[in-house]
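This is what each chain is made of:
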Amino acid sequence: MTFLRKLALSASVIALGCSSALAADLTVGFSQIGSESGWRAAETSVTKLEAEKRGIDLKFADAQQKQENQIKAIRGFIAQGVDAILVAPVVATGWEDVLTEAKEAEIPVILLDRGVDAPQDLYLTSVASDQVKEGRVAGEWLVNTIGDKPCKVVELQGTVGSTPAINRKKGFEEAIAGKANITIARSQTGDFTRAKGKEVMEGFLKAENGGKDICAMYAHNDDMAVGAIQAIKDAGLKPGTDILVVSIDAVPDIFAAMVAGEANATVELTPNMAGPAFDALDAFLKDGKEPEKFIITESKLYTPADNPQAEYDNRKGLGY
Ligand code: AHR
């Protein structure tokens, strides 16, 4: 963004007597992936609330899981001359051209919850979790829980080519490396959805002696875990006991499953990516302060020892 553009925004702030640049009727485009998971629905709803709180006019575009729709939406935001763009990129590759177009139009872009394979100067900042760490936390939980017992794991991966699928797999594998008793027997994408998680788990159960050979199921998100829990029950086994269940997100439904004794661990991913994103944008527009390139959110482990009923109650109202 040029000095003149920033000056114009600051002048409108002063004219309105506002203390924050973001109170000056900014227009921000948000290209969201879709609504594949409960977590995604909560992120959408929290982003809308955060925008409303700050007086931002949020232009929302749902890409229905398609990168081409996201690229089209971003081009539309550029044509409208929005003040900034938020994008949750469905996959890692293929962004360079459109991000360059935004840069040439002097519109700052902020990445939410997933990364891209593109030069870092093409976006202002990225607000996301450390996804390798999330996988590692899940894997370390399993290592500590299993000890030296033999354990065949089945893995439900997220969307192929997305950074959480790539990194959560990597982190989990790092955690179990060197533990010869723990092996990943099967690994397949469930596309971060409940329906696909159930379908893929049904296949794993059939292939592994009706599930009797499976010791644990690791899912890259809670929604796939919830689908898999149903498949395990349909196969006549007890999720959480016969097959351990560990996943990522900390959505209300996984806490309900913990209360029922059907899930064992989850790693929290906050749906509030927009709060830190708007704060960074605010400081950038007001003072030209470049934010950190990566704003990393926390990755906390929850188990049934953490009062899952209270965690369920706390999250219920967040739009999951
Ligand atoms: O990018 C974050 C992931 O995307 C969440 O863990 C998952 O639920 C979502 O769909």
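Conventions used here
- Residues numbered from 1 in each chain as written.
- Predicted model: local features only at pLDDT ≥ 70, side-chain atom pairs only at ≥ 80, totals over all residues.
- Heavy atoms only, no water.
- Disulfide = S-S within 2.5 Å.
- Helix = DSSP H or I, 4+ residues; strand = E, 2+ residues; numbered from the N terminus.
- Phe/Tyr/Trp six-rings, centres within 6.5 Å; stacked < 30°, edge-to-face > 60°.
- Buried < 20%, exposed > 50% of the residue type's maximum accessible area, 1.4 Å probe, protein only.
- Lys NZ or Arg CZ within 6 Å of the ring centre and 35° of its normal.
- pLDDT = per-residue confidence, 0-100.
- Contact = heavy atoms within 4.5 Å.
- Near = heavy atom within 4 Å.
- Polar contact = N/O pair within 3.5 Å; in protein donor to acceptor, adjacent residues only side chain to side chain.
- Areas by Shrake-Rupley, 256 points an atom, 1.4 Å probe, with all protein chains shown as cover.
- Nonpolar A, V, L, I, M, F, W, Y, C, P; charged D, E, K, R; others polar.
- Pairing = 2+ DSSP bridges.
- Right-handed = clockwise from strand over helix to strand, strands pointing away.

A. Structural context of the state of the cysteines. Tallied over the full model, the rule gives 1 disulfide. Here C151 pairs with C215 through a disulfide, and the sulfurs are 2.0 Å apart. For the disulfide bridge between C151 and C215, the dihedral angle about the S-S bond is near -85°, and by the sign convention the bridge is left-handed. Of this pair, C151 sits in strand β6 (residues 151-157) while C215 sits in the loop between α7 (194-207) and β8 (216-219), and the two are 64 residues apart along the sequence.

B. Region of the structure containing the packing of aromatic side chains. A complete count under the given rule lists 3 aromatic pairs for this structure. With a centroid separation of 5.5 Å and 90° between ring planes, the pair formed by F255 and Y302 is classed as edge-to-face. Taken as a pair, F255 in helix α9 (residues 252-259) and Y302 in strand β12 (residues 301-302) lie far apart in primary sequence, 47 residues in all. There is no split in this pair, since F255 and Y302 are both buried. Stacked on the ring of F60, the Lys or Arg K48 has its end atom at 4.3 Å from the ring centre. Sitting over the ring of Y302, R315 keeps its end group 5.2 Å from the ring centre.

C. Examining the confidence of the model for the protein chain more closely. Put simply, the protein chain has an average pLDDT of 94, and 92% of its residues get 70 or more. At the low end of the mean pLDDT range in the protein chain sits helix α1 (residues 3-15), at 45; at the high end sits β8, at 99. Every residue in residues 10-21 is under pLDDT 50, and counting partners more than four places away or in other chains gives 16 contacts.

D. Examining the environment of Q64 more closely. Following the sequence through the fold, Q64 ends up in the loop between β2 (57-62) and α3 (67-80). Put simply, Q64 and I214 are 150 residues apart on the chain and 34 Å apart in space, counted from C-alpha to C-alpha. Dropping the residues within four chain positions of it, Q64 is found in contact with I33, G34 and N69.

E. Examining the site of the ligand more closely. In the vicinity of the ligand, the residues found are E36, S37, W39, R40, D113, R114, P164, R168, F192, N221, D249 and L269. One nitrogen or oxygen atom from the side chain of N221 is found 2.9 Å from an oxygen atom belonging to the ligand. Expressed as a share of its isolated accessible area of 280 Å², the protein-covered part of the ligand is 100%. Breaking the shell around the ligand down by element, the ones donating at least two residues are α2 (38-53) and α6 (163-176). A class-by-class count of the residues in the shell around the ligand yields 4 nonpolar, 2 polar and 6 charged.

F. Region of the structure containing the pairing of strand β3 (residues 84-87). What you see with β3 is no split at all: A84 and L86 on one side and I85 and V87 on the other are buried throughout. Relative to β3, strand β1 (residues 27-32) is paired through 4 bridges, and the arrangement is parallel. Paired with G29 across the two strands is I85, which belongs to β3. In this sheet, strand β4 (residues 109-112) lies alongside β3 in parallel orientation, the contact comprising 3 bridges. Each residue of the ladder has a partner; that of V87, found in β4, is L111. In this region the chain leaves β3, passes through helix α4 (residues 96-104) and returns to the parallel neighbour β4; the handedness of that crossover is right-handed.

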